[in-house]
Structures are given as structure tokens and as C-alpha cells.
Amino acid sequence: MTPDAAPASIRRLDPRMPVLGAAAWLGAVAGTVLHGRPLVSLALAVVVGCAAIGVVGRRHPGLVRSVAALLLVALAAGSIAALRFERVAHNPVSALADDGAAVTLLGTVTSDPHLVAGGFSETVVWRLAVHRVTGRGRTIDLAAPVLVLGSPDDARVPLGATVWLRGRLVPADDRDLAAMVRPSGNVELVGRPGAWWRAASVVRRALRESVAHRPADQRALVPALVDGDDAEVAPGLQDDFRTTGLTHLLAVSGTNLTLVVGFLLWLARWCRVRGRWLHLVAAAGIAGFVLIARTEPSVLRAAVMGTIGLVALGADGRHRALRGLGTAVLVLVLVDPGLAVSAGFALSVLATGGILLLAPAWRDALVRWLPRWLAEAVAVPAAAQLACTPLVAAISGQVSLVAVAANLLVAPVVGPATVLGLAGGLLTLLWAPVGRLCGTLASWCVAWLVTVAHHGAALPTPAVGWGTGPVALALLVVASAVIAMAAPRLLVRPVTALGAAGVLVVAVLVRPPTFGWPPDGWVLVACDVGQGDGLVLDAGPGRAVVVDAGPEPRAMDRCLDRLRVREVPLLVLTHFHADHVDGISGVLAGRRVGAVETTRLLDPPGGVHEVEQAASGAGLVAAPAPYAATLAVGSVSLQVLWPRPDSPRFGPGDGSTANEASVVLLVQVAGLRLLLTGDVEPEGQGELARLVPGLHVDVLKMPHHGSRYQDEGWLLSLQPRVVLVSVGADNDYGQPARSSLQPLADAGAEVLRTDQDGDLAVVADGGLPRVVTSR
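Being a predicted model, the structure only gives us computed values, none of them experimental.

Parameters and conventions
Residues numbered from 1 in each chain as written. Predicted model: local features only at pLDDT ≥ 70, side-chain atom pairs only at ≥ 80, totals over all residues. Heavy atoms only, no water. Helix = DSSP H or I, 4+ residues; strand = E, 2+ residues; numbered from the N terminus. Buried < 20%, exposed > 50% of the residue type's maximum accessible area, 1.4 Å probe, protein only. Expected span 1.5 Å × (residues − 1). Core = buried A, V, L, I, M, F, W, Y, C linked by side-chain atoms within 4.5 Å. 1 Å grid on protein atoms, 1.4 Å probe; cavity = no way out; pocket = protein on both sides within 12 Å on 5 of 7 lines; lining within 4 Å. Points joined across faces, edges and corners; volume = space filled by probe spheres on them. Nonpolar A, V, L, I, M, F, W, Y, C, P; charged D, E, K, R; others polar. Contact = heavy atoms within 4.5 Å.

Undergrad: I'd like to hear about the overall build of the protein, residue by residue, with values.
TA: On a plain count of helices and strands, the protein comes out with 27 helices and 25 strands. By the burial criterion, 48% of the 775 residues in the protein qualify as buried.

Have a look at this one:
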């Protein structure tokens, strides 16, 4: 088929179900976002529109029926979404949460416990489907989703168990939750999980045991690849996967199901299973996959998309799969309207749609001069990546330039790693040595994934920053559409195809000049280092004071390179959590560093050891920042406001008190006052309000990445003109919390975030702060 014939092929596809699915999706989005009176107004407009179409379009009854059907489907989805929102947001549990009531809850655990850095210490987060709540003197039976913020002991709470707990409810920011609760005592197990859940947990545990003898990255990646269990994947490795467009391999996706069930079908055919029995094998494989990977919305969505992928492999697969995609979207948003505003759902649909609509024409163009297997290997990831590019940019603020190449390089090992990993888990249950053998083979495969991710992310320009505003995203959508239409014509000839690939290679290997960066007169830059802090104060040409080093060396090193910093007279590490110190080697590498100062509290030990090692390697000794001392570095004046000199030197060893011991700096430079707060908690904020009354600043670095735990009165009393939030895109901690940022914005502060705007540069402009962003 010629490239010119590709559009005709696409037009012959039956668009009815995809269009209906899109209408339901848009309706569910409207119902979720608008709900209440605006939705009623929209519904009335839809009814009036249907009536008007009926009157005007009598000559085209088929068109009238089609448009009316689309409007009615959208209205139905919107109504269901609005009703669901009202049911979650306005029920007895949410009402009790608004009052901060102490309650007892009885419910079923609906997600695996997940360890995160909570407001004051390590917190284990899990979801609970509440069946009964007792509070304010009454007991109510109901159904309400609640997020539990438990202690590390709760990590043993099994999925599917019925539990009883006491705690205090607080309102939730997530529209899918009725409330959040922090247990005040032990969580009591009332009923064991069902047999299916216990069996799935045994398989997951066996999978981890089959690779327990392998290096850390490999033993963490195999479970992530097979069943989405990414609890042990290091943050730095996650960042590398995100930069290279391989993040989908760390989560349960349709690809996982397609590989596992496809292998089961091949095995069944080898055992001479035929006909309808193959359908039974496929159904059993899908059900088993869902149980092992957990019946969370993301897993169910992945199962549906994977099933569509299996359909696409059959006869007339493309047409049937496209109809199946439309049907799946329609059914899923009607059953669970919350998926309509889920980024994971949107990425799955877009990737599947891109593969079905774009990849065939691109493959047919490439097959003119490439082997068919290679043409498909290039076309499929390229089509999926292009379809997802605008949404990925909206979420992460960047466009990956190496994603297609990275996915092409890892494609040969993804299938074997998934199948061998699952086989290792299953065989470990029968005979552990054979299971470990399969686990070893799977870990060898994922070692290649780690290599590609590390080296791809280390390239000079693996990704380019992109704005998240409407204009920037609209431009990216238009550019993606143009590429989608022009690709068959470019790919059909080796000269144009290889020329385009060569341009992309040059763009990746050559770091482009950063015109206009840093902006003239900059005094402070909050580096976009992901989920962490990395701040740079201008101390003269090529010199800077660095406050915190972020979670990963490469990001910090690149930020300093962009600022042309060659010398760091002073490096201040506010505390020893990984998201503030793990990037220290990126500051030290290739630069002269004069001194390293830290908090007094030597906890957690791992962070302390890393800093001491890195400083020693550079011929330095890390020392506590002197309380109340004022230090001048070039034109920068720094005063240590916290912690107090009588604060503890040693902690419990788990880092739970490290945030509270963060170094807080008052900086004066170019006529501006800046307050750099580390991760100081509300208690420390309250003490600072007492120790430094009447403090006003021009620029505030938001404490603890905008966590919900803040002393709002103190933050507002500072009267900042600009608030900088250093936070990672799509992080696991729900940061920044809207409840923390909105009061400052309402008070007139300009609030900017690194996850949305990239590097944030504060410029002194006539004695007032002005912010320039790298995006």
C-alpha cells in the first residue's frame, strides 16, 4: 500500500464506536469537573440542541439520529459522573471529615500498603472501602472510599482483608475519596482476605523470592515489569525511566497482559488446545493476571487495553480492535467515571489508538525498504509515543527525544523478561531452584532495561522542556497532528526517513545553547530536579551558593551547567533526606567547592554517610551550619534561623525527625529578602514565628514541597510576593497540596512550581522580585 492510500484505509474504518466512546469520555469529564448547577445548565443546552437538530435536520434523519445519540451518551456519562461525585463528596463520612471527627471504621482493604514520606515521619498509605462508620454518637452503614495514613506497622495489612480501626477523619483533596483518616491505635484484622487474594499474594511473594539473590535494581524491576509491584524501584531509576519514555514498563499496562496471555495461548496451542477452549484459556489468563496485579482501576484498565491488543492480533484485528477500543472507553467511563480524568486511562487510550490508527500506515511505508519485522518494531512505539506526547508534556513539562529509540532497544527483552519473571514466581512455588533460575534469566533481561535507561538519560539532551500552558500545549497538539499526517510520506523513502532520524540524533547528542538563560539579574534559581530541592544563589560570575542538591546528581549538575556555575563557595544541605542530598556528587563534580554545611541532626544515617563520603572525596568536612550566624558570600548574605543550637544531634535512626531539623536560611541579596525553609514542619514554623516575630520576605521557598502540613498563619504573616514550590511531577505524595498553596495565592502571592514551569529564576527588578521560567 502506498502512503497516499493510507488515509483511504483509515476512512474505511468504522468510526461509530470510537466516536461514541469519545462522546462518553467528554461527558464524564464535564460531569466530573462541572457537577451541580453548571452541569444542569449544560444538560438543558443538550436537550435544546437535540430538539433544534430534530427540527432543522428533517431532511437528514440519519445524521440527526447520530448527533442525538452522541449528545445523549455524553449527557448520560456526565450525569453518572456528577452523581458519583456528589455521592463521594457529600456523604456522612465526608461530613464527619469536615468536622475533624474521631470515628471508628469497618471496611475492606482495597489497595496494597505503600510506604511514603508522610508529613512528620514515614507513613504507610492504603485505601479502605468503608462499610460502617461510628462517630458523633451514631453508627451508619454505607459505602465510602477512604485513604488511610497509617504507621509502618500497617505495611502488613493484607489486600482484601476486613479491618477495624479508630482514628480522626480529615478532608481529602482527591475527588475520588470521601476522607482521609490517621489511625490512633492498632489496625485490627476482622476478616481474612478471600482465597483468591491469598493465592495471588503467594504468587507475588514467590516472584520476589525468585529474584531476591539478584542486584538491587534487577530484583526491583522484575516484579515491577510482571505485576506492577514497583515498591522497591529506586527514585533515581524511576527518573531515568521517565526521561527515556520507559515509565510504562514500571506500571501494569496492556502490554503486560498481552505478553502473558499471548504466551499462555501459545502454550495452549502447543498442547493441542483448539477452538473455544482457547477462549477459556485467554479468559483464565486475564482473570489470573488481574488478581496477581490487583483489581485496582489502573489494573482493570490495563486488562481491557491488553485484551484489545489480543483482539488486534486476530483476523480483521485492526477493525475489531478499534471498535473494541470505542466500546471499552464507553463502558469504562460509564462504570467508573473517575477514569475520565485519570492520566493513566488517557495515556492507555491514546497509545492504543495511536497504534491502531497510525502504526499500520507508517509500517506500510517503512516496509518498502525495511524488513517487515523491523518496520513494525519502529512504527508501533513511534505511533504510541506521538499519540501520547501532548499529554505527557502536560503532565511532566517535557518532551522525550529518546523515547522511541529507547523503546525500540528494549523491545526484544520485554517479552522474555515478563514471561520468565512470571514463570520464576510460579515455579518457585513448586521447586525453588528452578524458580530462581528463571528469575536469574529474567533479571538478565531487565539489566538491559537498566542500561538503556541509565545511558539514555545521561545523553546531553534526552528530553526538552515544554510549557504546560494552553498555548504551548495547543502548539504541540498541532505539531503532533502534522507529524502524524506527514510521516507516511517521509518514511516511504530511505533518504527522508534517515535524514529525519539523523536530525533527531544530532538534537539528542548536542546540547543546545540556552538562549536567554539564565536571565540577567537573577539572584535565585529553584532547579527542576524532580521530587526534591536544589536551590542556587548567584554569588558572582561563575560562582554560586547551593542550598540542597536534589535527589539525583545528573539533574543538579545540568542545572548548574545551565547557570554556568564553576565554583561553589558554600553548599548548604538543609537535612539528610535523600531528596535533598542524593544529588551531592552532581554539585561536586568538576567544580571547586569551598565548604559544606548541614543541619545539626545526624539522621537518617544513610544520608549522613553519603554526604560524609562525598565531602571527604572532595577533601571537605561537612559541619553544622552555625545558628544565628551571618555569612557573606559575594553579594549574598545568609543568616541561619533554625535549628536552635540546643536541638538534638542524633535521631531515632529512621529519619522521622529530620524534616523538623531542616536548616532555615534568611537570605538578603540585591535588595530582596528570601526565606529558604527546607522541609521544616509546622512545629518548627510556629517556633520561628515566636523567635523572629514580624518577619516579612519577598520570596518564600515553600516548606516541604507544599505538603498539606503547614502553619498557615505563619506563612501568611510572611507576606511573600513570590512563592516557589520545588516538587516533582506526578509524585506519590500528593504534593503540593492545594489547601497549602491557595491561601497564599488568595493573599496575592505569585505561586510557581518546578513540575509545571521547570527551573524558576528570581530576578531583582527595581527592588521587587520577578520570576522567569525555563519553559
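Undergrad: Lay out helix H13 (residues 343-357) with the relevant residues and their values.
TA: If you check H13, its first and last C-alpha atoms are 21 Å apart, about what 15 residues at 1.5 Å a residue would give, namely 21 Å. Within the span of H13, buried status applies to Phe 345, Ala 346, Ser 348, Val 349, Ala 351, Thr 352, Gly 353, Gly 354 and Leu 356.

Undergrad: Provide a residue-level description of the environment of Leu 339, including the pertinent values.
TA: Position of Leu 339 among the secondary structure elements: in the loop between helix H12 (317-335) and H13. The spatial distance from the C-alpha of Leu 339 to the C-alpha of Val 29 is 9.0 Å, given a sequence separation of 310 residues.

Undergrad: Before we move on, could you go through the nonpolar core and cite the residues and values that matter?
TA: Counting residues in each nonpolar core, the largest one holds 31 residues, and the members touching the most others are Val 536 and Leu 571. Secondary-structure elements contributing two or more residues to this core are strand E10 (522-526), strand E12 (543-547), helix H20 (553-562), strand E13 (567-573), helix H22 (584-588) and helix H23 (605-617). Judged by nonpolar contacts, the second largest core, of 30 residues, contains Val 233, Leu 237, Leu 249 and Ala 442.

Undergrad: Give a description of the layout of surface pockets that names residues and reports values.
TA: In this structure, the second largest pocket spans a volume of roughly 1400 Å³. Leu 401, Val 404, Ala 500, Ala 501 and Leu 504 are, among the 45 residues lining the second largest pocket, the residues nearest its centre. Counting residues per element, the ones that place at least two in the lining of the second largest pocket are helix H14 (359-366), helix H15 (372-396), strand E8 (398-400), helix H16 (403-430), helix H17 (432-457), helix H18 (470-491) and helix H19 (494-509). Per-element accounting of the lining of the second largest pocket gives the leading share, ten residues, to H19. Of the residues that constitute the lining of the second largest pocket, the class distribution is 38 nonpolar, seven polar and no charged.

Undergrad: Tell me about the environment of Val 413, and please be specific about residues and values.
TA: Counting through the fold element by element, Val 413 comes out in helix H16. In sequence terms Val 413 and Val 446 are 33 residues apart; their C-alpha atoms lie 7.4 Å from each other. Ignoring sequence-local partners within four residues, the contact set of Val 413 consists of Cys 445, Trp 448 and Leu 449.

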